[in-house]
Amino acid sequence: MLKLRLPPLPTIRDVIKLYKLSALKHLSQNFLLDERLIDKIIKKAGDLSKSHVLEVGPGPGGLTRSIMRKNPRKVIVIEKDPRFKPILDMLADAFNYSNGQMDVIYEDIRNINMSNMFPIEEKKEWTDIAPNIHLIGNLPFNVSTILIIEWLKKISERSGPWSYGRTKMLLTFQREVAERLVARPCEEQRCRLSVMAQAWTEPNLRLIIPGKAFLPKPDVDVGVVTFEPLKSPRTMHQFNFFERVTRTIFSSRQKYSIKCVGRLFPEYCREELSHMVYKLTDLDPMTRPMELTVEDFDKISTAYKYLLEKHPEISLYNFRASHKILSRKFTKVNFISECAE
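Residues numbered from 1 in each chain as written. Predicted model: local features only at pLDDT ≥ 70, side-chain atom pairs only at ≥ 80, totals over all residues. Heavy atoms only, no water.

Looking at an unreviewed UniProt entry, the protein chain carries the name rRNA adenine N(6)-methyltransferase, with the source organism given as Polistes dominula. If you open the UniProt record of the protein chain and go to Sequence similarities (unreviewed entry), you find "Belongs to the class I-like SAM-binding methyltransferase superfamily. rRNA adenine N(6)-methyltransferase family." Heading Subcellular location (unreviewed entry) of the UniProt record for the protein chain holds this comment: "Mitochondrion". (UniProt positions renumbered as here; feature names shortened; annotations may be inferred.)

See below:
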């Protein structure tokens, strides 16, 4: 398919100079100016022709231009910084003039309800092919981890853009964060973020962009990651519950996992219940957190949930909230005898 023929446009570098724009440090802004590199990034999103694309944080519109040239049916861009309004309005006019359709929304993405942004006819069943909807963003470093956790939660709930089906994402992250998202068991970067991303999606690191390609140059390189929601999630536990278990276990990466699991329980029953978890799951208590698979975390979560149902008073315990004291409702002797039942 031929690329869309847009009216002549000034370069990204020229419009930045024209409107005297500079990247704001407190918003973690970095501009990508190399159009060949930008096209290479957007190519990783797959076929965008006749699709609906939601772009988050377009800034001066570098990625936006490349998206437009892929013949999408509609582009929606959401930008928090109103300084980019003249540039984005110019791009919208050019795209609409070329029989495209672009909406520009000036708002923080976290304040936007994304559930009704696309036509109902694009909706697919979860087990069908993915809808022709794409979420793309060159995310600021200071919000990228927060946003991906929020969006993974929406994927688990099948809400927002994922109420239309298994909507795909292409996002940029600080290289270290990108490598964490895709890290497999036993890899150095394996962490809570790895498990949460891989429980509900298939994340893939598609491209590393050198920091020198950005203006101003960040201290780190940037990773481009694609996410495809799984037809069958690797856990059926509720997101916040699963995240709590995962976060607790990764609280001490170098310790044996049984020590980390123990932190789910108050001290007076920690040893007994942590051993009970490993008895129920048939896992090796001497494994390190980074060695555990998503399925292992799912087993531990299931065992923990079972013990919460048997001893609901321990659900009040939070090892991070040291100022909160869990009242003992029974003696340790009685507790051990109950665990043995």
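Visitor: Before we move on, can you summarise the sheet that holds strand β7 (residues 201-209) with the specific residues and values?
Guide: The 7 strands are arranged β4-β3-β2-β5-β6-β9-β7 in an open sheet whose pairing can be described as mixed. The open sheet has two edge strands, β4 (102-106) and β7, and neither has a second partner. Each neighbouring strand pair of the sheet contributes to a mean axis angle of 20°, computed without reference to strand direction. Note that strand β2 (residues 52-56) and strand β5 (residues 133-138) share 5 bridges and pair parallel. In the sheet register, V56 faces β5, and the bridge partner there is G137. Across the face of the sheet, helix α2 (residues 35-43) comes into contact with β5, β6 (168-174), β7 and β9 (222-229) while running at roughly 165° to β7. Sitting on the sheet, helix α6 (residues 175-182) touches β6, β7 and β9, and the angle it makes with β6 is about 135°. (Pairing = 2+ DSSP bridges. Helix = DSSP H or I, 4+ residues; strand = E, 2+ residues; numbered from the N terminus. Axes fitted to C-alpha atoms, helices over the stretch in contact; angles between N-to-C directions. Contact = heavy atoms within 4.5 Å.)

Visitor: Go over the UniProt feature "domain: Ribosomal RNA adenine methylase transferase N-terminal" (unreviewed entry) in the protein chain, please, and point to the residues and values.
Guide: Mapped onto this structure's residue numbering, the UniProt feature "domain: Ribosomal RNA adenine methylase transferase N-terminal" (unreviewed entry) falls at residues 37-231. End C-alpha atoms of residues 37-231 are separated by 32 Å, and the span's content is 31% helix alongside 25% strand.

Visitor: I'd like a rundown of the UniProt feature "binding site: S-adenosyl-L-methionine" (unreviewed entry) in the protein chain, residues and numbers included.
Guide: Sequence positions flagged by UniProt for "binding site: S-adenosyl-L-methionine" (unreviewed entry) are, in local numbering, N30, L32, G57, E79, D108 and N138. Tracing the chain through its elements places D108 in the loop between β4 and β5. Polar side-chain contacts of D108 include one of 3.0 Å to the backbone nitrogen of R110. Tracing the backbone shows N138 in strand β5. Apart from residues lying up to four places away in sequence, N138 is in contact with N30, V56, G57, L63, T172 and F214. A polar atom in the side chain of N138 sits 2.7 Å from the side chain of T172. (Polar contact = N/O pair within 3.5 Å; in protein donor to acceptor, adjacent residues only side chain to side chain.)

Visitor: Which residues make up the layout of surface pockets, and what values do they have?
Guide: Of the pockets and cavities examined, the second largest pocket occupies roughly 250 Å³. A45, H134, K168, F227 and E228 are, among the 19 residues lining the second largest pocket, the residues nearest its centre. For the lining of the second largest pocket, the secondary structure elements donating two or more residues are β5, β6, β7 and β9. In terms of residue class, the lining of the second largest pocket is built from 8 nonpolar, 5 polar and 6 charged. (1 Å grid on protein atoms, 1.4 Å probe; cavity = no way out; pocket = protein on both sides within 12 Å on 5 of 7 lines; lining within 4 Å. Points joined across faces, edges and corners; volume = space filled by probe spheres on them. Nonpolar A, V, L, I, M, F, W, Y, C, P; charged D, E, K, R; others polar.)

Visitor: Hey, could you go over the side chain of D81 for me, with residue numbers and the actual values?
Guide: The residue D81 is located in the loop between β3 (74-79) and α4 (85-97) in this model. A relative accessible area of 5% places D81 in the buried class. Here R83 takes part through its side chain, which lies 2.9 Å from a polar atom of the side chain of D81. (Buried < 20%, exposed > 50% of the residue type's maximum accessible area, 1.4 Å probe, protein only.)

Visitor: Can you lay out the environment of A199 for me, pointing to particular residues and giving the numbers?
Guide: Tracing the sequence through the fold places A199 in helix α7 (residues 192-200). For A199, a relative accessible area of 0% corresponds to the buried category. Along the backbone, A199 and K50 are 149 residues apart, and their C-alpha atoms lie at a distance of 30 Å. Among all residues touching A199, those that are not within four sequence positions of it are L230, P233, R234, T235, F242 and V294.

Visitor: Explain the pattern of salt bridges residue by residue, including any values.
Guide: Evaluated as defined, the whole model comprises 17 salt bridges. With its nearest N and O atoms 2.6 Å apart, the salt bridge here joins D89 to K85. In this pair, D89 and K85 both sit in helix α4, 4 residues apart, roughly one turn of the helix. On the accessibility criterion, D89 (24% relative accessible area) is partly exposed. Owing to a relative accessible area of 40%, K85 belongs among the partly exposed residues under this scheme. Of the charged contacts in the structure, one is a salt bridge between E150 and R110, with a shortest N-O distance of 2.4 Å. (Salt bridge = Lys/Arg side-chain N within 4 Å of Asp/Glu carboxyl O.)

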